[in-house]
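An overview of the molecular structure
Residue-level listing of the chains:
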Amino acid sequence: MNKAASFFAVFTVCLGLFFYLLYSLGGKLTLFTALADQTGAVLGAAAAGSLLFLLGYEALIRRIAWRHYPGLRFALSCLLLWGLGVASAWLLSILLEEIITTTGLYQPDNLKIFRLTAAIVSLLLSLLFTLIDFSWYAYYRYAAETLARTRAQRRQKELQFDVLRAQLTPHYLFNSLNTASNLISYDSAGAEIYLRKLAHNIQYLMAKPNEVLSSLQQELEVVDSFFHLMQVRFGDRIRLEKTVNQKCLQQKIPAMALQLLVENALKHNVASTSTPVVIRIEAHPEGIAVENNITRPPQDLKSGKVGLRNLQERYQHLSAKNVVVTQNSESFKVQLPYITNSKKEAYV
């Protein structure tokens, strides 16, 4: 509602209150006729009261928000509106006093009743207006939070689907099945283990899009399965070293986070017998770190670090803590904090 419409609405309420108060005096025609000469003064008083109300309430809105000080805002809003109503009624009663004395239709006590009625009605209207204002704020906040929560949940699902799509690529499946085919011809026992590990890995990946968080123990198990698949392909050219505090196994991190980092380390570095890719996973009470040495990058590498950005964005949705990335000429390290207290599913 713009300022002109707000002023007109408040002005209409002021005039309505004034005529109601006149009616409370008895509403005799002589009184209304006598007031005809004071029309300009009545309209001016109503306009002045409306303007004061709008200016005062605008100042109140700017300084004291419902969100931060609901009790104080409610009390001050009621006091402001009540005070303006009483002040306007007293101003109008001054206009009535001369008319009442001149016409002799009413006793002076009627003016006291007029002022008392004005005070009571103003109090009730101030309470009603403040309750309506708070109800509108509560509805607006509920709608905003619901919309933000829905958007956040949808974005979270999109991020998880992006991880699944990136890890279950046709290239990955082709290489895995081709490796299994080669193993069968000369190591049937190894091929069976390989296929079991592959099935476990795919099963885990397919299940995780429905889960936001996963325990560190689950993540380490799937990394073991994934790294076994990679080690069958690369042999001694890759190594995985783990240092895990057993007390941290039930800590939570985003699902598929560890496999994403291990896969990135293998993707961005050329592994050879002379310079193997060494990946170190260290889990301690403060968080978990994944570090790898840097060799030369593959010649056909095309990467925009989408996986790492995906992980960072998921942390922004789930936690107040951030992913820490450290890189130098020799190593690349990513530190993941545990998610102990997820952000509330509310956005204001």
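The shown structure was predicted, so the numbers you read here are calculated from the model rather than taken from an experiment. (Residues numbered from 1 in each chain as written. Predicted model: local features only at pLDDT ≥ 70, side-chain atom pairs only at ≥ 80, totals over all residues. Heavy atoms only, no water.)

Within the protein, the regular secondary structure consists of 10 helices and seven strands. For the protein, with 348 residues in total, the buried portion stands at 37%. Long-range contacts, defined as pairs at least 24 residues apart, comprise 74% of the intrachain contacts of the protein with a sequence gap of at least 6. Accessible area of the protein: about 20100 Å², with a carbon and sulfur share of 60%. (Helix = DSSP H or I, 4+ residues; strand = E, 2+ residues; numbered from the N terminus. Buried < 20%, exposed > 50% of the residue type's maximum accessible area, 1.4 Å probe, protein only. Contact = heavy atoms within 4.5 Å. Areas by Shrake-Rupley, 256 points an atom, 1.4 Å probe, with all protein chains shown as cover.)

This part covers the packing of helix α8 (residues 216-234) against helix α9 (residues 257-267). At a minimum axis distance of 8 Å, the contact between α8 and α9 shows a crossing angle of 30°. In terms of their interaxial angle, α8 and α9 are classed as roughly parallel. Taken as a pair, α8 and α9 cross one another with a handedness that is right-handed. Residues Leu216, Glu219, Leu220, Val222, Val223, Phe226, Phe227 and Met230 of α8 form the contact with α9, whose own contacting residues are Ala257, Leu258, Gln259, Val262, Glu263 and Leu266. Counted by class, the contact of α8 with α9 contains 11 nonpolar, one polar and two charged residues. (Axes fitted to C-alpha atoms, helices over the stretch in contact; angles between N-to-C directions. Parallel < 35°, antiparallel > 145°, perpendicular 65-115°, else oblique. Left-handed = near helix turned anticlockwise from the far one by under 90°. Nonpolar A, V, L, I, M, F, W, Y, C, P; charged D, E, K, R; others polar.)

Within the largest apolar cluster, 38 residues are counted, with the highest numbers of intra-cluster contacts made by Leu216, Ile253, Leu258, Leu261, Ile279, Ile288 and Leu336. Among residues more than four places away in sequence, those in contact with leucine 336 are Ala257, Leu258, Leu261, Gly287, Ile288, Leu311, Tyr315 and Val323. The next biggest cluster of nonpolar side chains, apart from the first, holds seven residues, and it includes Val10, Phe53, Leu60 and Leu81. (Core = buried A, V, L, I, M, F, W, Y, C linked by side-chain atoms within 4.5 Å.)

Once that is clear, we can look at the sheet that holds strand β6 (residues 324-327). Strand order across the open sheet formed by five strands is β2-β4-β5-β7-β6, with mixed pairing between neighbours. Where the open sheet ends on each side, the last strands, each with one partner, are β2 (238-244) and β6. For this sheet, the mean angle separating the axes of adjacent strands, direction not counted, is 10°. Where strand β4 (residues 277-284) and strand β5 (residues 287-293) come together, six bridges link them in antiparallel fashion. Among the inter-strand pairings, arginine 280 is bridged to a residue of β5, identified as glutamate 291. (Pairing = 2+ DSSP bridges.)

All quantities given are derived from atomic positions and should not be read as evidence of function.
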